[in-house]
There are 2 protein chains.
Amino acid sequence: MSARQESMASLTTDVAYQAIRGKILSGEIKGGEWLREAELAVQLGVSRTPVREALGRLVADGLAFHEPNRGVRVGEWTIGDFNEIYDLRLLLESYGASMAATNPETDVVLLRKLADEMTNIAESDSPQYAHLTDLNNTFHHAILTFSGNSKLATILASIVQVPLVRLTFARYTRAELLRSMNHHREMVDAFEARDAKWAEAVMRSHLRSGWSAMQGFISVQHLDE
Amino acid sequence: MSARQESMASLTTDVAYQAIRGKILSGEIKGGEWLREAELAVQLGVSRTPVREALGRLVADGLAFHEPNRGVRVGEWTIGDFNEIYDLRLLLESYGASMAATNPETDVVLLRKLADEMTNIAESDSPQYAHLTDLNNTFHHAILTFSGNSKLATILASIVQVPLVRLTFARYTRAELLRSMNHHREMVDAFEARDAKWAEAVMRSHLRSGWSAMQGFISVQHLDE
DNA sequence: ATCTCCTATTTGGTATACAATAATTTTTGA
DNA sequence: TCAAAAATTATTGTATACCAAATAGGAGAT
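The written sequence of each chain sets the order in which its residues are numbered from 1. Lettering of chains starts at A and numbering of ligands starts at 1, both following the order in which they are written. Per-residue local features are limited, in this predicted model, to residues with pLDDT of at least 70; the limit for side-chain atom pairs, both in listing and counting, is 80 or more; totals at the level of whole chains, interfaces and linings are taken over all residues. Hydrogens and water molecules were not included; the side-chain quantities draw on all heavy atoms of the structure.

A.B. asks: What's the story with the pattern of salt bridges in this structure? I'm lost.
C.D. replies: Side chains that carry opposite charge are capable of pairing whenever their charged atoms lie near each other. Note on definitions: salt bridges are taken to be side-chain nitrogens of Lys or Arg within 4 Å of carboxyl oxygens of Asp or Glu. Summed over the entire model, instances satisfying the criterion amount to 25 salt bridges over all chains. A salt bridge links Arg204(B) to Glu200(B), with the shortest nitrogen-to-oxygen separation between them at 3.2 Å. Residue Arg204(B) and its partner Glu200(B) are located together in helix α9 (residues 196-223), separated by four residues, close to a single helical turn. By sharing partners, the salt bridges in this structure join Glu53(A), Glu37(B), Arg48(B) and Arg52(B) into a single network. Helix and strand labels come from DSSP, where a helix needs a run of H or I of at least four residues and a strand needs a run of E of at least two; each type is numbered from the N terminus.

A.B. asks: Can you help me understand the packing of aromatic side chains in this one?
C.D. replies: Remark: the centre distance and the inter-plane angle together describe each pair of aromatic rings, the angle taken between the planes. All names here are of chain A. When two rings of Phe, Tyr or Trp (its six-membered ring) have centres within 6.5 Å they constitute a pair, described as stacked for plane angles under 30 degrees, edge-to-face for angles over 60, and tilted for the intermediate range. Going through the model one piece at a time under the given rule, you end up with four aromatic pairs over all chains. The interplanar angle of 65 degrees and the centroid separation of 5.3 Å between the aromatic rings of Phe169 and Tyr172 together place this pair among those described as edge-to-face. The pair formed by Phe169 and Tyr172 is uniform in burial state, with each residue classed as buried. Think of it as a cone above the ring: NZ of Lys or CZ of Arg counts as a charge over the ring if it is within 6 Å of the ring centre and within 35 degrees of the ring normal. Across from the ring centre of Tyr17, 4.2 Å away, lies the NZ or CZ of Arg57, which sits over that ring. In this arrangement the basic side chain of Arg73 is found over the ring face of Trp34, its NZ or CZ atom lying 4.2 Å from the centre. When a residue's accessible area, from a 1.4 Å probe over protein chains only, is under 20% of the maximum for its type it is buried; when over 50% it is exposed; and in between it is partly exposed.

A.B. asks: I would appreciate a short explanation of the sheet that holds strand β3 (residues 71-74) of chain A in the present structure.
C.D. replies: Think of a sheet as strands paired side by side through backbone hydrogen bonds, with each pair either parallel or antiparallel. Residues and elements named next belong to chain A. Any two strands with at least two DSSP-identified bridges between them are counted as paired. Strand order in the open sheet formed by three strands is β1-β3-β2, with antiparallel pairing between adjacent strands. Looking at strand neighbours, the two that pair on one side only are β1 (34-35) and β2 (64-67), the edges of this open sheet. Here β1 pairs with β3 via two bridges, running antiparallel. Each residue of the ladder has a partner; that of Leu35, found in β3, is Val72. Strands in contact with helix α3 (residues 48-60) are β1, β2 and β3; relative to β2, the strand with the most contacts, it is inclined by about 110 degrees. Note on definitions: a residue-residue contact is assigned when non-hydrogen atoms from the two residues lie within 4.5 Å. Where helices are involved, their axes are fitted lines through C-alpha atoms of the stretch in contact, as for all axes, and angles between N-to-C directions lie from 0 to 180°.

Below, the structure is given as structure tokens:
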């Protein structure tokens, strides 16, 4: 099982999936809206068939919901959902960090490089948030990979997913941003020391403080759109 | 998001999904075998369309794998996979147990009823293993529900899944079976005492001992078929 | 106003056709 | 003989057309 994944390069269906997913993530299609097969098909210039398969995948990964004989509609997320997601993320990622800390396969050099680069970006005058987000994703994903449990990254991807995408570093205060960067570097130190408990604790702090920072503007976001 | 799920009652596709899934779980279709669309379609007396959707769902929940322009084939599972799965199960279910212990919504009466009924069955002369398995699933699922995190049960279902289905209580020694029943009852005691740490510890013991019992005959299973 | 019936819309499913791709077999050429 | 090339075959991926069933919404009747 382990390695192979074959992430479905089958052109049309995949394009449709990515396109619709993008519309949801970007907010172009809002929560609760219907995803009409025919409409999307003409919009994307494909037939209903790949659209249906794409919708099936969106439903499968929890981004949308299927109502029999009615169709598929985009999911809506409450603060309670975010809370549940963050609790699980805390549980799984801190476990991953503790496992990665004692795994000899863990590439500490890579992680440090990522942490340092993120710090540089964050400390610049006008941080490139998009790049920062990419590096951050890479960093967290790498840790999960180094945990040695190949299922871990998959599961987390299926939980964390979409709804958090719009909550980016751009919303952090400067203090929050710098603290986040400090966490990254401290985590690498913990890995270097092969200290599982330390790594786990830093990851907990990191995610918890991130969640705390986000909670503020989630309600705002709900109000102004 | 929380409650609603709309578990797709759309006849044909669902029937196909269940049928193919059943063939995999029962071992009729073995790991590594191809799932041919046309073949399955005639076998099930439906067209290729619902078969394709069913295969998509099987791929989505990790039971099968897609190889572009080649088709879908049933996954193969190694002992390493089982290990990873059990580690995650331990993490998530013990978390669930600890949360359920202090949740006032937890229906201790129901759980005790289940635990007692399982004990009765296990202590009888010829235990009805199928019924025992059902009750056990209900018991574990109920705890996850009482954890208060609605995502927890979903995630676990997506991990534990299939590959473990064939590893049933029927393979347990009498001692292992009775110990498992003791764990269930002890867990209810921990819930009644609202002792999160206790509940968590019992769940850890429970799953770890179960995994230990299974490890033995997994290799056997691999050899004799 | 409420209930019933009708109609439009949309899904869920079938059937069929066909291009693209990968595997297999056959043929070719040294 | 045997490896490379070419032809054949099998199967997926997509499109298209069509139809039954279900739902929503509105017209009309009570």
